[in-house]
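# Architecture and fold: a report
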Amino acid sequence: MGFFSRLAQILGISKKEAKILVIGLDNSGKTTIIDKLKPEEKRSGDVAPTVGFSVERFKNKSLQFTAFDMSGQGRYRNIWEHYFKDCDGIIYVIDSSDKLRMTVAKDELDQALQNEDIKNRRIPILFFANKMDLRDSMSSVRCSLMLDLDSIRDKPWHICASNALTGEGLHEGFEWISDEIKSILETK
Ligand code: G3D
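Residues numbered from 1 in each chain as written. Predicted model: local features only at pLDDT ≥ 70, side-chain atom pairs only at ≥ 80, totals over all residues. Heavy atoms only, no water.

### Let's talk about the pattern of salt bridges
Scanning the model with the defined rule gives seven salt bridges in all. Among the ionic pairs, aspartate 154 bridges to lysine 155, the shortest N-O distance being 3.4 Å. By relative accessible area, which is 5% here, lysine 155 ends up buried. Through salt bridges with shared partners, a single network forms among Asp26, Asp98 and Arg101. (Salt bridge = Lys/Arg side-chain N within 4 Å of Asp/Glu carboxyl O. Buried < 20%, exposed > 50% of the residue type's maximum accessible area, 1.4 Å probe, protein only.)

The following block contains the structure:
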């Protein structure tokens, strides 16, 4: 079963739309991850990177993925805020081989967590320590230390090492966030 079918099955999305934001620095692997999520017949294979931001809707608009780069000098910030407001879950993609920009990834994460529409909500956040296949990539434990994820105490979060090219690690992450979103939607 493909990721999309599995996600749809867990969420039972025929009744409610689930909105998932996929964020992270440019080149972290957001577009590649979203492409892997699509039903197989819709995959492009030839992935164009997210420039600024992009919105993808799958299957009768009942599952919506919005991806945006966080390193756009604030150009798209007012658009993100709009999406922060009513998203059901966040996927934060980290290039685990990009040690130089890990502090930028942390600053952007901290800013997102301070956003008025995120700050006081128990929204689940899934972190992908992506590009685990690269030789000098950092482990998910190391990434979580560098991003100080233990300080996030008011939201459920989870980190998985992933290789978006092969799909390794994505399944575990999607299962986790699907279960979290499902339990939140059920109580709405
Ligand atoms: P973005 O949407 O976050 O900007 P992309 O990032 O999905 O466009 O990915 C940026 C580059 O990283 C792409 O390479 C893509 O193939 C590569 N990439 C994504 N995930 C992985 C991964 O897990 N491992 C490795 N080794 N590479 C990955 P190109 O060469 O097309 O720029």
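### Topic: the packing of aromatic side chains
Enumeration over the complete set of coordinates arrives at three aromatic pairs. Note on phenylalanine 128 and phenylalanine 174: the rings are 5.6 Å apart at their centroids and 75 degrees apart in plane angle, and the pair reads as edge-to-face. In this pair, phenylalanine 128 sits in strand β5 (residues 125-130) while phenylalanine 174 sits in helix α7 (residues 170-186), placing the two residues 46 residues apart along the sequence. Pairwise contacts between aromatic rings join Tyr92, Phe127 and Trp157 into one cluster. (Phe/Tyr/Trp six-rings, centres within 6.5 Å; stacked < 30°, edge-to-face > 60°. Helix = DSSP H or I, 4+ residues; strand = E, 2+ residues; numbered from the N terminus.)

### Structural notes on α7
Note on helix geometry: an α-helix contains 3.6 residues per turn, so any two residues three or four positions apart are oriented the same way. Under the 1.5 Å per step criterion, the end-to-end length of α7 is 24 Å for 17 residues, consistent within 8% with the ideal 24 Å. Taken together, the buried positions of α7 are occupied by Leu170, Gly173, Phe174, Trp176, Ile177, Ser178, Ile181 and Leu185. (Expected span 1.5 Å × (residues − 1).)

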